[in-house]
Amino acid sequence: MLEAIDKVLAAPEIEGPIQLVRPSVYYKFADPKLEKLPGVQKLMIRMGPENAIRAKEKLKELRENLEAVPVQQPQSNP
């Protein structure tokens with residue numbers, strides 16, 4: 001779960017307009033660097049900067065709460 005949150009939090013914050021191309025049914029980023037990002041990071045960019053900031057704030061909060069949960073070691077059977 002923490003790895004997934006970290007991947008989303010690593011999504012770049014893009015300023016200014018983003019150019020898209022539509023080579024088929026789906027749009028793609030014209031910038032090859034953006035198009036090579038993991039799907040979840042592209043989703044964060046597509047949701048827009050304000051929504052991405054809100055989502056990242058909530059994910060950071062969730063991450064802190066998850067890290068605060070003590071790790072339980074599996075009990076061994078004698």
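Located above this text is the structure these notes cover.
Residues numbered from 1 in each chain as written. Predicted model: local features only at pLDDT ≥ 70, side-chain atom pairs only at ≥ 80, totals over all residues. Heavy atoms only, no water.

A. Spatial organisation of the overall build of the protein chain. If you tally the helices and strands in the protein chain, you get 4 helices and 2 strands. For the protein chain, the N- to C-terminal ordering of α and β elements is α-β-β-α-α-α. Computed over the C-alpha atoms, the radius of gyration of the protein chain is 18 Å, more than 25% above the 12 Å expected from 2.2 N^0.38 for a compact globule of 78 residues. Overall, the protein chain is about 60 × 25 × 20 Å in size when its C-alpha atoms are taken along their principal axes. (Helix = DSSP H or I, 4+ residues; strand = E, 2+ residues; numbered from the N terminus. Rg over C-alpha atoms; globule rule 2.2 N^0.38 Å.)

B. Representation of the pattern of salt bridges within the structure. Counted under the stated rule, the structure contains 5 salt bridges. Among the ionic pairs, Asp6 bridges to Arg63, the shortest N-O distance being 2.4 Å. Taken together, the residues span a long stretch of sequence, with Asp6 in helix H1 (residues 2-9) and Arg63 in helix H4 (residues 49-68) at a distance of 57 residues. When its relative accessible area of 18% is taken as the criterion, Arg63 is described as buried. (Salt bridge = Lys/Arg side-chain N within 4 Å of Asp/Glu carboxyl O. Buried < 20%, exposed > 50% of the residue type's maximum accessible area, 1.4 Å probe, protein only.)

C. Molecular detail of the environment of Asn51. Here Asn51 lies in helix H4. Owing to a relative accessible area of 37%, Asn51 belongs among the partly exposed residues under this scheme. Along the primary structure Asn51 and Asp31 are separated by 20 residues, whereas in three dimensions their C-alpha atoms are 22 Å apart. In this structure the side chain of Asn51 is engaged in a polar contact, spanning 3.0 Å, whose partner is the side chain of Arg54. (Polar contact = N/O pair within 3.5 Å; in protein donor to acceptor, adjacent residues only side chain to side chain.)

These results come straight from atomic positions and should not be treated as a statement about function.
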